[in-house]
Amino acid sequence: MSREPGCKRWLLFAACAHLFFLLPPLRTRAFAVTVVPEGAEDETELPVLQKSEKSGTISKISRELKEIVFIIQSQSNSFHSKRAEDLKRDILNQAADLGKELPTVLLIHQMDRHEGAWTILPLMRDFSVTYGRNSSWIFFCEEDTRIQVVKLLETLGRFDGSKEWFLGKALYDEESTIIHHYAFAENPTVFKFPDFAAGWALSIPLVNKLAKKLKSEPLKSDFTIDLKHEIALYIWQKGEGPHLTPVPEFCTDDVSSYKADHCATTFSNFLPLCGEPVKKEDVFVAVKTCRKFHGDRIPVVKQTWEREAALIEYYSDYADISIPTIDLGIPNTDRGHCGKTFAILERFLNHSSARTPWLVVVDDDTLISIFRLRKLLSCYDANEPVFLGERYGYGLGTGGYSYITGGGGMIFSRIAVQKLLSSKCRCYSMDAPDDMVLGMCFSGLGIPITHSPLFHQARPMDYPKGYLSHQIPVSFHKHWNIDPVKVYFTWLAPNTEESLNGKKVGYNREDL
């Protein structure tokens, strides 16, 4: 490159013009780029750059870009991996427009074949070894997170990267919940954890500290139920580590929202639809029940979502022709229902039409929108072995397995059922937890679990309102201390108003 002053000024002018026209979210505020003095925490304290300062700021942004490692919380399923690749491409394209060295962008499902890679903490040592010297931040995001790279750099620039920082959009429980083991029962609002959809960041000093701790104290072999809460707990270390610092520029507003102007991240808060919804006749629904719940749970199903299902059967320990239920010859158990679930899988494979590509297995106290599920399934290839729902984990710190938790609904492609039943993997006891055994089996077969946050093992009030606010949920579970019919018509019905017993009803989510 020429070092002549005139040439240099021309190139800087071109770079500024390039930014002005190629970064749409900044067009209306191209001359309001902010730089935060060291120690400033409130954005209102930040000065607006004068024109003479902008060239230096762009150069500074370009230098800092390579100090961020982007981690996309991706999945290996073809639908999800493509979305993650699209996001990676968008980040790199934005970086290329700055004309400087490209950042590292990694897809988490490609980083480690370890079953627990999605839980992130087992990867901290690798992050520390690989990026601990030449990077400043590890930034995590979901495949549907949208990032304005320049704004993200400005936002991270407010924080001293030589210190331990845990940044994100803060969620909190308004009431203690079983999902989080009733943590902070006296006042659950005091503990904040990140909404992954908005993106979240760890400074390298904190990554290094976590890696050192994990080397001396490996993760325990227990359950992973709500990763975002459990990561925040681990980082907090009973008060010895940092709390989550809320960052207002990490957002879950839709990119088209007027609220998104100040955001470094936004979120595509819509139900995926990749073509026409799958046909009603392509979805077979199996409801697990037992005689003692015929009188109270089954009527709820019939009042709410049964009408959405073209193919539905109820499987029980007693044949009741009024429902009707089918007795599979499997006694009811007080614990898990592995025997019953495997009998349902056998029946689906051997007695349903071979042209029916999808099986849905739900409990009798699951509330589900088959209407929305049909839209969601349009994005998945029924010719792939798909096992879809809300993902949990067991013993992932020591080589355990992932599984789809049963209460939120377990979705199988026919080929996944075929591969499972053609293997030798079966229940180790009739009352084993069916969802966990299925997780072990599919893990052994090399068939990955596919996670969707739209399925829920618990009730709406068990989740932070901020988390559900950017979702179009597919399912909830449990009738405990709620009006399940009201929950269905508030959260899951095809329309915001539905006819119930001949009357129009409309419910406010805030009332639940």
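Calculation criteria
Residues numbered from 1 in each chain as written. Predicted model: local features only at pLDDT ≥ 70, side-chain atom pairs only at ≥ 80, totals over all residues. Heavy atoms only, no water. UniProt positions renumbered as here; feature names shortened; annotations may be inferred. Pairing = 2+ DSSP bridges. Helix = DSSP H or I, 4+ residues; strand = E, 2+ residues; numbered from the N terminus. Contact = heavy atoms within 4.5 Å. Axes fitted to C-alpha atoms, helices over the stretch in contact; angles between N-to-C directions. Buried < 20%, exposed > 50% of the residue type's maximum accessible area, 1.4 Å probe, protein only. 1 Å grid on protein atoms, 1.4 Å probe; cavity = no way out; pocket = protein on both sides within 12 Å on 5 of 7 lines; lining within 4 Å. Points joined across faces, edges and corners; volume = space filled by probe spheres on them.

- Per an unreviewed UniProt entry, the protein is named Beta-1,3-glucosyltransferase, and its organism is Herpetotheres cachinnans.
- The record in UniProt for the protein states the following under Pathway (unreviewed entry): "Protein modification; protein glycosylation."
- In its Sequence similarities (unreviewed entry) section, UniProt records this for the protein: "Belongs to the glycosyltransferase 31 family."

## A closer look at the sheet that holds strand S2 (residues 104–107)
- The strand order across the open sheet built from 6 strands is S2-S1-S3-S8-S5-S10, with neighbouring strands paired in mixed fashion. Single-partner strands in this sheet number two, and they are S2 and strand S10 (245–246).
- For strand S5 (residues 166–168) and S10, the ladder comprises 2 bridges, and the chain directions are parallel. The residue bridging leucine 167 from the neighbouring strand is threonine 245, located in S10.
- In the packing of helix H3 (residues 78–97) onto the sheet, the strands contacted are strand S1 (68–73), S2 and strand S3 (137–142), and the crossing angle to S2 comes to about 175 degrees.
- In the packing of helix H5 (residues 124–131) onto the sheet, the strands contacted are S1, S2, S3 and strand S8 (200–203), and the crossing angle to S3 comes to about 135 degrees.

## Some words on the sheet that holds strand S9 (residues 223–224)
- The 3 strands are arranged S9-S18-S19 in an open sheet whose pairing can be described as antiparallel. Both outer strands of the open sheet, S9 and strand S19 (401–404), are each paired with one neighbouring strand and no more.

## Quick look at helix H11 (residues 370–377)
- Extensive coverage of H11 is indicated by the burial of 6 of its 8 residues.
- Those residues of H11 that fall on the buried side of the exposure criterion are Ile370, Arg372, Leu373, Arg374, Leu376 and Leu377.
- Of the surrounding elements, those touching the buried residues of H11 are strand S12 (283–288), strand S15 (358–363), strand S16 (366–368), strand S17 (387–389), strand S20 (410–413) and helix H15 (484–491).

## Remarks on empty space enclosed by the protein
- Taken as a whole and judged by the stated rule, the model has 3 cavities of 30 Å³ or more.
- The calculated volume of the largest cavity comes to roughly 780 Å³.
- Glu142, His451, Ser452, Pro453 and Tyr467 are the residues nearest the centre of the largest cavity, which is lined by 40 residues in total.
- If you list the elements that add at least two residues to the lining of the largest cavity, you get H3, helix H8 (227–236) and strand S18 (391–394).

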